[in-house]
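For reference, the chains in residue letters:
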Amino acid sequence: MYRNSAVINVNIFFVVISAVLSSAATAGDLVPFVIPGKANMSSPIAITSVEPIDTKAYRLVARKGHFYRGGKRVRLWGVNLSFGASMPKHEDAPVIAERLAAAGVNTVRCHHMDTSRWPRGLWNAKDGKGIAPEALDRLDYFIDQLAQRGICVNINLHVGREHSRFLGLPEPNRKYDKISNIFTPALIDAQKKFARELLTHVNKYRKVRYADDPAVAIVEVTNENSFFMWGSEETLRTLPEYYANILQGKYNAWLKGRYGMDQELQKVWGKGTEPLGENILKDGDFLIREVGGFIPQDWSLEQHEGCRAWMSRQRLESRRALKIDIEKSDDTEWHLQLNQGRLKVKKGRYYTIAFEAAADKERSITCSIGQAHSPWKNLGFSQRVELTRKRTTYRYGFTARADDDDARFSFAFGASDISIHLANVELRPGGRVTLGEDESIGNSRVKLYGESETPPRTLDRMRFLAETEKGYFDEMRNYVQKELGCKALVTGTIVFGPLGLYAQSDMDFIDAHAYWQHPRFPGRPWDAGNWLVEQKAMTDNMNGATLFGLAAKRLNGKPFTVSEYNHPAPMDSQAECVPMISSFAAAQDWDGVWLYTYSHSSDEWYRERLNSYFDIDTNPAKWGFMRAGAAIFRDASVGETGQLHIFGLADTSDVVGELAKLHIEHDRDMFEVLAERGNVTREKMLGSPIFASLETGGGLRVLNISGPKLNWSVEDGKGIFLGRGEGMLVCTGHAGRFAEATDKEVSIAGPEFAAVTVTTLDKKPFEQSQKILIAACGRCENTGMKFSEDRRTVGRNWGEAPVRIEPVEGEVVLPKGRWKCEALGPDGMPKGEAPVSESDGKQVLELSPRNETMWYLLRRVVRIDGEG
């Protein structure tokens, strides 16, 4: 495809897509394309020959940084099954398994089985304390049906189970017991009990324990759960007393083991103490009025989406304070804010925040420091503050993450109509102290978070959290594999930054999740009527793309997987999802990808419409590319010799300390970490696989790598992504970019945005292949879908069946030889011949919306003399 490519001869294959020049596409441009819930196994694109996984089969193992089975390299290409979808009825189970296998799926991830009561989950409907027998029977049967079709299972032990509720423990401050169940002994014991109950269960249909079944290939300890996950600092700072006391006790025991006594601890923590500087904020006591009403000078009251508040000066407990009364609020906290901008902060500088506050009734607000300009990044401090009727002084410290001459101090107080009171607000440089007045190792009263910390104290906390988290995951892995005798591979959770990577470093493989433009919920979380999905194609946003952040989480010597990935419906560009993740994963030589999710339901397998942001089973813009994705990622053969880059994250033997420093500076952003440590760029990632190493140093290795060569560029906001391999081509992007990017070897004029894949189905290069699948799609929508004016939501108006696609019109110049092409129907069966013509000695295929399809099948015609 590229003139400078050393991988593929440009004369072998090239595509020209010249779509109709027209105005913007309308609903009339879409055609029905309902892929049946029951696969037609007579389809020429269906995979019909698979190797079953019987109870004596070779197990999936991790070796030399990859997955193997029976000595052969294995890549896992799969989907999630969420809630009751992992427990279908017996009559549905073989139909689902067959459809998955036909599309090239060789693994499923059983997700959220532990969250709900039957029939949405494993737990009995009566009291939720035990596993429902029917649920377990269905799961047994489904695992057997999957295994018969060569599909292995990834079982998640903890996703949504709130063991605390069933043990009678205090309610944690985070849903699903997250974070608290990493360190609370009773919750860890409950997780072990469930693991024993499930993994030692004998499958009724396979006559073997889950723990011994080669079809149960992977066990995941807990989903998206870490001391370093999103919002974890707020969770840790505000733990309920029961959990806070447990964690503080562990922290003090750790400090005692490290330092022995207060005197030694103060020697270390005393480095970096600093007196408080002057208050950076103006009018922090709200004494200065502006003309025309009580609006404190230098402060700004922000009111969004019709929310209203007004301010006055009142006395609270005999002292002056600013009172903010709320006339109208909605469910979004930031719709009401009190800000002061034009502040200067310096990267690495420590600042102390202090203020007095109260509320007419108990409620929370959020205090933060961030950019007062695009892209509005947080600069190192965001804290939820629980207010009571009592006037209370709050004090916090933070280290600025970046230089900024236009920073903003903010109180966000929407999402409630309860009045608040503020006074004596300060933002001062310095203020670090060693220990508070009542803090001592001797009485176990050293707090996890000090009001104002020195750098060594902060580092010690990060070190303690990392070691505690790693201890939990290592303990759970040992329990599953050694005490229960489970032979499955074990992973802990996904990677959250450098310290999260350390915590996972002794798991069997490393895992990560990502979503491009995950739905946002301006009001209540997961409100089906109030959500937004931004209409941004990832192809157009290379610098913000999720793929590079995923690649940066890979650890040298460990297999790497992405067990959740999606570009949610109803994005106009969602068809880019499968082509981009499959080709990028192949180029980076990853080991597993699971799309999220095949389905959330246990009984709606034969729908003919989209029903949510994530379910791909009835979404042709996703499911229609799965067979191609299997050819691109799962079936990819070893390619040309290339380079592999390994970047060490530590310069000394104190690996955890080095990682803690990186984590403090970059938080969870592993791409920024590698950019600092190894000058990693996105362009470099497109050219070769990238690994992080917990050892000192790094290096460059030359070896055989699998997968395509990638090219990605964005001009004037319009992007094009190209992937090229010996038996595959991926193109996603805008019509006007194709000709320029490929020197007119590929051109496209419409639809405005499309995804196209060309893949061999016999695992051969183009010049040797006998069968090639072309998949092409623009938009994908239900009939009668009602979008908002900006197309960011349909609310509850998802429309009706049938689901429809926007077909692509164009021409394909075929590889050397003679070809016959058939347009395929949604069931994968030929529906008519697509004409192949001659032009300048080359065969040319026309793609036409008249065919009402996204699939074209090419077969090589062999002449009598044996030449094709």
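The text that follows walks through the structure, step by step, so that each part is easy to find. (Residues numbered from 1 in each chain as written. Predicted model: local features only at pLDDT ≥ 70, side-chain atom pairs only at ≥ 80, totals over all residues. Heavy atoms only, no water.)

1. Topic: the sheet that holds strand β23 (residues 510-515)
(1) Moving on: What the eight strands build is an open sheet, ordered β22-β11-β8-β7-β6-β25-β24-β23; its pairing is parallel. The outermost strands of the open sheet, each flanked by one partner alone, are β22 (489-491) and β23. Going from strand to strand, the sheet's axes swing by 25° on average, the running direction of each strand aside.
(2) Moving on: Each of β6 (76-82), β24 (560-566) and β25 (592-599) touches helix α12 (residues 577-588); the most contacted strand, β25, lies at about 160° to it.
(3) Moving on: Packing of helix α14 (residues 626-634) onto the sheet brings it into contact with β6 and β25, and relative to β6 it is tilted by some 135°. (Pairing = 2+ DSSP bridges. Helix = DSSP H or I, 4+ residues; strand = E, 2+ residues; numbered from the N terminus. Axes fitted to C-alpha atoms, helices over the stretch in contact; angles between N-to-C directions. Contact = heavy atoms within 4.5 Å.)

2. Things to note about the environment of arginine 804
(1) Moving on: Within the element layout of this structure, arginine 804 appears in strand β35 (residues 800-805).
(2) Moving on: Look at arginine 804 and you get buried, because its relative accessible area is 15%.
(3) Moving on: Taking the C-alpha atoms as reference, arginine 804 lies 5.6 Å from cysteine 780; in sequence the two are 24 residues apart. (Buried < 20%, exposed > 50% of the residue type's maximum accessible area, 1.4 Å probe, protein only.)

3. Quick notes on the sheet that holds strand β3 (residues 60-63)
(1) Moving on: The strand order across the open sheet formed by three strands is β3-β4-β5, and the pairing between neighbours is antiparallel. The strands lining the two open edges of the sheet, one partner per strand, are β3 and β5 (72-74). In this sheet, adjacent strand axes meet at a mean angle of 50° when their direction is disregarded.
(2) Moving on: Two elements, β3 and strand β4 (residues 66-69), share four bridges in a ladder whose sense is antiparallel. Each residue of the ladder has a partner; that of valine 61, found in β4, is tyrosine 68.

4. Looking at unusual backbone geometry
(1) Moving on: The step from tyrosine 596 to threonine 597 runs through a cis peptide bond, and the omega angle for that step is -5°.
(2) Moving on: Topologically, threonine 597 is positioned in strand β25.
(3) Moving on: Cis geometry marks the peptide bond from alanine 801 to proline 802; its omega dihedral reads 5°.
(4) Moving on: Its identity as a non-glycine residue notwithstanding, aspartate 177 has a phi of 65°, on the positive side.
(5) Moving on: Inspection of the secondary structure puts aspartate 177 in the loop between α3 (163-167) and α4 (180-183).
(6) Moving on: With relative accessibility at 2%, the residue aspartate 177 sits in the buried group.
(7) Moving on: The phi torsion at tryptophan 376 lies on the positive side, around 65°, for a residue other than glycine.
(8) Moving on: Position of tryptophan 376 among the secondary structure elements: in the loop between β17 (363-371) and β18 (378-387).

5. What to know about α14
(1) Moving on: Counting buried residues in α14 gives eight out of nine residues, a clear majority hidden from the surface.
(2) Moving on: Within the sequence span of α14, burial applies to Met626, Arg627, Ala628, Gly629, Ala630, Ala631, Ile632 and Phe633.

6. Observations concerning helix α7 (residues 241-259)
(1) Moving on: Here α7 contains 19 residues, and its C-alpha end-to-end distance of 26 Å stays within 8% of the 27 Å for a straight helix at 1.5 Å per residue.
(2) Moving on: Within the span of α7, buried status applies to Tyr243, Ile246, Leu247, Tyr251, Asn252, Trp254, Leu255 and Tyr259.
(3) Moving on: Where α7 is buried, its residues contact α3, α4, α5 (185-199), α6 (232-237), α8 (262-269) and α9 (455-483).
(4) Moving on: Downstream of α7 by a residue or two, glycine 260 has a phi angle that is positive, lying close to 85°. (Expected span 1.5 Å × (residues − 1).)

7. Points about the pattern of salt bridges
(1) Moving on: Scanning the entire structure with this criterion turns up 54 salt bridges.
(2) Moving on: In this structure, lysine 323 and aspartate 325 form a salt bridge, with 3.5 Å as the shortest nitrogen-oxygen distance.
(3) Moving on: Classification of lysine 323 as buried rests on a relative accessible area of 18%.
(4) Moving on: Note that arginine 792 is salt-bridged to aspartate 790, the shortest N-O span being 2.8 Å.
(5) Moving on: In this structure aspartate 790 comes out as partly exposed when scored by relative accessible area, which is 41%.
(6) Moving on: A cluster of three or more residues bridged by salt bridges with shared partners is formed by Asp572, Arg779, Glu781, Arg791 and Glu806. (Salt bridge = Lys/Arg side-chain N within 4 Å of Asp/Glu carboxyl O.)

8. So, the packing of α7 against α8
(1) Moving on: Relative orientation of the contacting elements α7 and α8 amounts to 90°, with a least axis distance of 9 Å. Relative to α8, α7 is oriented roughly perpendicular. Two secondary-structure elements touch here, α7 through Tyr251, Leu255 and Tyr259 and α8 through Glu264, Leu265, Val268 and Trp269.
(2) Moving on: Split into classes, the residues belonging to the contact of α7 with α8 amount to six nonpolar, no polar and one charged. (Parallel < 35°, antiparallel > 145°, perpendicular 65-115°, else oblique. Nonpolar A, V, L, I, M, F, W, Y, C, P; charged D, E, K, R; others polar.)

9. Some remarks on the packing of aromatic side chains
The relation between two aromatic rings is expressed through the spacing of the ring centres and the mutual angle of the planes.
(1) Moving on: Applying the stated criterion across every chain yields a total of 38 aromatic pairs.
(2) Moving on: On the basis of an interplanar angle of 85° and a centroid distance of 6.3 Å, the ring pair of tryptophan 299 and phenylalanine 409 is categorised as edge-to-face. With tryptophan 299 in the loop between α8 and β12 (300-303) and phenylalanine 409 in strand β20 (residues 404-412), the pair connects residues that are 110 residues apart, well separated along the chain. Assigned by exposure class, tryptophan 299 and phenylalanine 409 land together as buried.
(3) Moving on: Linked through ring pairs, Phe286, Trp299, Tyr351, Phe355, Phe381, Tyr394, Tyr396, Phe398, Phe409 and Phe411 together constitute an aromatic cluster.
(4) Moving on: Lysine 470 extends its terminal NZ or CZ atom over the ring of tyrosine 502, reaching a point 5.8 Å from the ring centre. (Phe/Tyr/Trp six-rings, centres within 6.5 Å; stacked < 30°, edge-to-face > 60°. Lys NZ or Arg CZ within 6 Å of the ring centre and 35° of its normal.)

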